[in-house]
Structures are given as structure tokens and as C-alpha cells.
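# Examination of the molecular architecture
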Amino acid sequence: MEKEQYQQLEQNVTPKPPYLKNVAKAFFVGGLICAIGQAVSLFYIIFFNFTEATAGNPTVATMVFFAMLLTGLGLYKRIGQFAGAGSAVPVTGFGNAVISAAIEHRSEGLVLGVGGNLFKLAGSVVLFGVVSAFFVALIKYILVTIGVVSW
Amino acid sequence: MTLPLLVVLMLLNGCAEKEKFIVYGPSQNGSEVEALIKEEDYVERSTVIYYDDSMLVAVQIKPWEKWKKAKLEKKLQKKFEEKYPNKDVFVSADYKIFYEANKIKKDQIEDNKLNDKITELKDLAKEET
Amino acid sequence: MVIIFQSKPSLLAGGVVAGPLENRSIFSQYFDAVYDDERWQMKTNEQGHRKMIEEACDAAMKKIGVQSGDIDYFMGGDLVNQMTPTNFAARDLEIPFIGLFSACATSVSSAIVACLLTELGAANFSLAGASSQHNAIERQFRYPINYGAQKPKTAQWTVTAAGYALIGKHREEYPSIEAATIGKSVDYGMDDPFHMGAAMAPAAFQTIQSHLQQRNQKIYHYDLILTGDLGQLGLKLLKGMLVENGVKNEELTLLRDAGAEFYGQDEAFQSGASGAGCSAAVFFSYVIQQMRAGSYKRVLLVATGALLSPLSYQQGETIPCTAHAIEITMK
């Protein structure tokens, strides 16, 4: 059988991913995680001395803590299999990427193993996040200097 | 026919009951301040706490206007500064400040303590991390 | 060219040891042991992997009452970098050792080499097989175990199992190997490591076709043609290719896949099982036992393997695959 013919056969046999269902699942799980995050934020605002502006830090820390518990117990990957992007995109997904790498590489020691591989999956997020933030700020600065927008 | 009408009336009644604009402080220029705030249609609720020359205006911006929260806060601040140049006015759109201001009104804190509380909340609102 | 073994080396015993999840396998009743700790109480997954290989070899040797000192050659491999679990197991077994890498087709490629040595008269007893350990291999080829990535329906689950066969000179009452075909590295342009079945099916097709042609056989000459780990989708594709080639639908029922059937209908395993241990575990337990019981007289075992690395995938390469076949008969 020729290559093109086989590729055609493969296209026919391979099941298409259920995009709509996946989108719905991601939407609900992602929304749920964000709702929990909002609840955590409100908790810090009401019961502690944080304002809306300053509650971001402890909220993210708490969400990453939850992600750590779920990852360590092996539950986050089950959520991930169900929700896909819904659990990968929020900060809990970032936490899961870093923590799962840390757990995995413990056997090679703390410095080369854990330290060297901690950002194996999340490194791109950190790098491109910082780089894009730089460029966005640069563009805004140029636009303000020209006078198109104001701070 | 009567049941839905009753429900609607009760709901509307409930809406009117909630105090949306509260002014709390020793003297009675409350209505003036309230009118000033009601002029701004982006404010959903507000609680003003004042003592002598120190005034704290805590507002909650309407949902869709929240995108411009910082700008509206500054606008309101300028407005108050123009109206009351001899007073030390601080405007905040932060939920925490609003919540604490309501607590002050609920606990009916008076005099010196009130002054301290206002200063405390002003410092809190200025925190960045 | 097909290899014909005139002396018909025999599969004297098979030793198969598997991990806790493999207890769910429909073949688990044929395994020698299923452990409840995937690390075999060792500190790392790789050490557990090594221990599993040693246990499988011990199980095989015990069955005909030989010791490692009686074995002439140890042939095997796994999917870990530089095959260290197999290398370390060889160190502990102290048998002359050649490590072989044919990815998930290693079970059959090592059996072929063992048969050649036996045919040559250079070996009385050889151990040949393969193994895989889920955690060690996922970490190397894909993501950390606890990472929440969503696997598509075409993905397969790497089994934790080791299967080793004891191959020796011909004995009437044991299944014997008559012929073998060594496959080429076949690339039909598939590039999705989460859809290995599609990459491997063409290789299986070519090897089966070549073997049948060279031996002047048709599918119906066999009681069973068992591929290693094409998975449900890969098996469908293989059948599609055979039908295109003139094979009748009734004959297709003789075609089965160890990976597709391994975990039964459990959807948690998507398209089925894979890994070097998948073909080894099923071939050297289920098939040998069924043949000795008289269920099958002539079987073609076709182990399939995907010859990629995490680096080749990242560099945008497609996935070449291979398939090796051995023809086993029983009186």
C-alpha cells in the first residue's frame, strides 16, 4: 500500500477528538478552579488584613498548595485526563507541572535531580511569560511616549 | 395572577430596603456627600466614614465599569478634593476597605477609635504587596 | 529472505512477571507472578525494573530445573536509556550477554538471535525476552507520572511486565520455532507519539506479508497471528491493509493483538497496552501455555516496535517502526 493511501486509511480509522465535549469539560473544570480561587481570595480579604490588591499573592500560594496536595496524591492527573486545558491553564496546572517534575527526579538528588529538572515542563511558561510581558510593556511605553494612550 | 404579582412586589420591596449609600460620622453633612456620590452613575454602593477633617470614601463600582476601576477611583478622588479642599479625603474602590467601613458603621465605633480606624484603613489601601 | 530453522529450537519455558496494574489484565492468570509494588520494594523505578527482569528469568529457569550457570546466552533489552535495567540484570545473572534494542519488538528479535545461536550449535540453553516498567519509561519518553496531561483515545499504556523465554534444542513436547522474519525499518510518515498504532501497522503488514510470501503460506495456514502492541486502532489499520491486499474477512479473525486485548475493554487504557513487556508477557505465557494445551498448532508471533526517541520527535522527525516475526509449531 502506498504512503498516501495508508495516510488516507489512517485518517478514516482514527477517531476524531470530541472537541465540543472537551471544550465543555475544560470550561467547567477551569471555571470551577477559578471559582475556588475567588473563594480563597475572599477568605483572605475577609478574615485577614489583605485588600483586593494584595490578596493575589496568598491566593496563588494557596492554589499552588492545593495543586501540590492533589499532584502528590495522584489525583491531579485524573482531573487532567478529564478536563484537559481546564486544569492545565490555571496556576494550579503550572504548580502541577513543577511539582510532578520534582517528585519524579527526587531519585537523582536535590541539586542535579530536583533542582536541575524542576522547570522541565514549566520553564517555557516562565520564559515566554517574562519575555512577552517585557514586549507588551515596551509597546505601551512607546505608545504613551507618542501620545496615543496615557498610563 | 396574584401570586407572581405578590412575588414581584416583595422582591421590589426588598430592593428598596437595602441601604446603598451610607454616610457615617459625628456631624451631619451626610446628605451633601451622598448627593455628590449619587451623581456618579458608575457607583453601585458606597460607605463614607469621616471624623473631623479626615474622610474615607469606600465605593463599589458597577460590574461592567470595573474595567476602569483605577481611573474612576482617581476621578472620584479629584472630585472630592475639589469639593473639600481643607479635608483629608481618601477614595478607595477596594472591596476590603468597603467591607471594613461597613463593619465600622455596624459596630458604631466612635471618636478617637474612629479616627484611628480611618487612618488604619487609609494605610491599608495604600499597600502594594 | 526468511530464516528457516532446520533444527527447530524449542521454547522450553516462559517466565513472566508483572506489576500491580497488570493484575487487571485478561492474561494475568497465565503470568507466573503479579507483584503489588511496581518498584519491587527497591528505591527507584529503574531498580525495580531490573529486579523484575531477574525474577522473570528465575521463573523460566525453575520450570525446567536449570540454573543461570547452565545458560549459555542472555539476550534481552528494554526501553530505558542504554537499557540499564537489562544490563544490570545481566550483571546479576552472570550469563554471557548481548543487549538488543528493537523497542517493543525486542521480545522477538532476541528470540530470533537465541534461535540462531541454538541452530548453530553454539547454545544449549538461552534466555531471550524483553521488559518494560511503566514509570521508568513514561518519564523518559513522555511526561512525569503525576503530570496532568490529557491523553487522546489513540494513546496506549506502557505495561509493567517482563517476559523471558528459555530457548533450547528441539524437544518434541514443546512448541518449536520453525522460521523467522527480520523486519525492515518502515516509515509511512506517521509522527504522533500518542498514536503509535498507526505508525507500527505498516511495519507489521510488511513483515507478515514477507513471511507468508517467502514461506508460500496464507493466513489460514495459521491458528493464530498475534501482533505485539498495535492497540485497537493499529490492529484495525493492519486489517485494513490486509483486506486491501486481498485477504478475506473470515481470515481476519485469526489476527489478534496482545496490546489491544491486554486490559480487556477498560477505557482508562485508551487504545490498549504497549511496551516491550507487552508482547513478551503475552507471547511467553499465554501463547506457550495454549500451545502446550493443544489449542494452537501453528502460530505467527509478530512483535512491533516504534523506533523513535523523545529527541527525534522534538526535532520534528516521523516515526519509523519495525516488526519481527517467529513461526512456532506444536506437534
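Residues numbered from 1 in each chain as written. Chains lettered and ligands numbered in written order. Predicted model: local features only at pLDDT ≥ 70, side-chain atom pairs only at ≥ 80, totals over all residues.

### Some remarks on the overall build of chain B
Stated precisely, the cut-off is as follows: Think of it this way: any DSSP run of H or I at least four residues long counts as a helix, any run of E at least two long counts as a strand, and we number them from the N terminus. Exposure criterion: with C-beta atoms placed from backbone coordinates, a residue whose C-beta has 20 or more other C-beta atoms within 10 Å is buried, one with 12 or fewer is exposed, and one in between is partly exposed. Any residue pair is listed as a contact if its two C-beta atoms, each placed from the backbone, are within 7 Å.
Regarding its fold elements, chain B presents 5 helices and 4 strands. In chain B, which comprises 129 residues, the proportion classed as buried is 26%. The contacts in chain B between residues at least 6 apart in sequence include a share of 57% that link residues at least 24 apart.

### Re the pairing of strand β10 (residues 224-227) of chain C
Put simply, the rule is: One bridge is not enough; two strands pair if DSSP finds at least two bridges between them.
Note that β10(C) and strand β13 (residues 298-306) of chain C share 4 bridges and pair parallel. Of the residues in β13(C), the one forming a bridge with C:T227 is C:V302.

### Let's talk about the environment of C:C104
Residues and elements named next belong to chain C. Relative to the elements of secondary structure, C104 occurs in the loop between β5 (97-99) and α3 (106-120). Here the alpha-carbon distance between C104 and G305, two residues 201 residues apart in the chain, equals 4.2 Å. Setting aside its immediate chain neighbours within four residues, C104 contacts G228, D229, S274, G275, A276, C278, S279, A303, T304, G305 and A306.

### Remarks on the interface of chain C and chain A
On the side of chain A, 29 residues touch chain C, which itself brings 24 residues to the contact. Those elements giving two or more residues to the side of chain C that touches chain A turn out to be α5 (196-214) and α6 (231-244) of chain C.

### As for the packing of helix α4 (residues 95-107) of chain B against helix α5 (residues 111-126) of chain B
Residues and elements named next belong to chain B. Which entries qualify depends on this criterion: Comment: axis = line fitted to C-alpha atoms, over the contacting stretch for helices; angle = value between 0 and 180 degrees taken between N-to-C directions. Roughly parallel means an angle under 35 degrees; roughly antiparallel means over 145; roughly perpendicular covers 65 to 115; every other angle is labelled oblique.
Where α4 contacts α5, the axes come no closer than 11 Å and their chain directions differ by 170 degrees. Relative to α5, α4 is oriented roughly antiparallel. Residues I97, E100, A101 and I104 of α4 form the contact with α5, whose own contacting residues are K117, L121, L124 and A125.

### Structural notes on the interface of chain A and chain B
Just so we agree on the cut-off: Only Asp, Glu, Lys and Arg are considered charged, only Ala, Val, Leu, Ile, Met, Phe, Trp, Tyr, Cys and Pro nonpolar, and every remaining residue, Gly among them, polar.
Listed as interface residues are 9 residues of chain A and, on the opposing side, 9 residues of chain B. Taken together, the residues of the side of chain A that touches chain B sort by class into 4 nonpolar, 4 polar and 1 charged.

### A look at the domain arrangement of chain C
Residue and element names in this part refer to chain C. Operational definition: How far each domain reaches was decided by an automatic or database domain assignment.
As assigned here, chain C comprises domain 1 (3-168) and domain 2 (176-329). For domain 1 and domain 2, the distance between their C-alpha centroids amounts to 18 Å. The element best represented in the side of domain 1 that touches domain 2 is α3, accounting for 7 residues.

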